[in-house]
Amino acid sequence: MSGELSLGRREKPNYLPMRAEQVLAVPYGFVWKVRAGNGVWIAGSDCAVGATSWSRFWLLGIVPVARAGHNADHARSAFGRSVAEALFWTPAALLPGAHVRWQSVDDATARVIVAWGGLEQAVDVCVDGEGRLTRLVFPRWSDANPAKRFQLQPFGGTAGEFREFAGFRLPTRVEGGNFFGTADYFPFFKANVSAVRFPPPGGV
């Protein structure tokens, strides 16, 4: 994927151009590797595997600028992200099963609830008249707020520019951020997906 990433706030987002790759395997976890910026750049990764999760970023590959994770709060937040992104890009991973259940909300909205490893996340999925995903919204456990305190707060994103990958029609334009649906929302993540690859049955 490519696009823009903001490390700022709504009033001054300071978007940076970014390129990234991600391995997404819900409910087991994900690894997202990104590089953002031009002459002065930052690079790092977000990861969640089981009960372990982290965010690690360096300036110019040398100076550490952000390090978080290896605690229950970060793992809970990362799990919410993984479920939401699976709905965008690996929807077959969320078919009803032992760890996944669905509920009807209204004519255009369904709710998926994923439980795994002592964590649970519900996400509301909104679709248009042709059944295409338009937006997601969910209560995310996050400290991205003025108090820098972990709490449940609205998070969400929009989807568009659908293309077919291996028989799945998936969005290639996704935007998302904290406080989705409120006056405080701004999309800190704007991604254009160039490729989606699935492992062959029975292998990687």
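Placed above this text is the structure.
Residues numbered from 1 in each chain as written. Predicted model: local features only at pLDDT ≥ 70, side-chain atom pairs only at ≥ 80, totals over all residues. Heavy atoms only, no water.

**Student:** Can you help me understand the pattern of salt bridges in this one?
**Tutor:** Pairs can form between side chains of opposite charge once their charged atoms are near each other. As enumerated under the stated definition, the model contains eight salt bridges in all. Residues E120 and R101 are paired through a salt bridge, measuring 3.9 Å at the closest nitrogen-oxygen approach. Of this pair, E120 sits in strand β9 (residues 119-127) while R101 sits in strand β7 (residues 100-106), and the two are 19 residues apart along the sequence. Given a relative accessible area of 51%, E120 falls into the exposed group. (Salt bridge = Lys/Arg side-chain N within 4 Å of Asp/Glu carboxyl O. Helix = DSSP H or I, 4+ residues; strand = E, 2+ residues; numbered from the N terminus. Buried < 20%, exposed > 50% of the residue type's maximum accessible area, 1.4 Å probe, protein only.)

**Student:** What is the right way to look at the packing of aromatic side chains in this model?
**Tutor:** The way to describe two aromatic rings as a pair is by their centre distance and the angle between their planes. Per the counting criterion, the structure on display carries eight aromatic pairs. Consider the rings of W32 and F189, whose centres lie 6.2 Å apart with planes at 75°: the pair is edge-to-face. Taken as a pair, W32 in strand β3 (residues 29-37) and F189 in strand β13 (residues 189-192) lie far apart in primary sequence, 157 residues in all. Taken as a pair, W32 and F189 share a single burial class, namely buried. Relative to F198, the ring of F168 lies with its centre 5.2 Å away and its plane at 45°, an arrangement referred to as tilted. Here F168, found in strand β12 (residues 168-178), pairs with F198, found in the segment after β13; they are 30 residues apart in sequence, far enough to count as distant. Three or more aromatic residues joined by ring pairs make a cluster, and in this case those are F138, F155 and F188. (Phe/Tyr/Trp six-rings, centres within 6.5 Å; stacked < 30°, edge-to-face > 60°.)

Bear in mind that shape data such as this cannot, by itself, settle questions of function.
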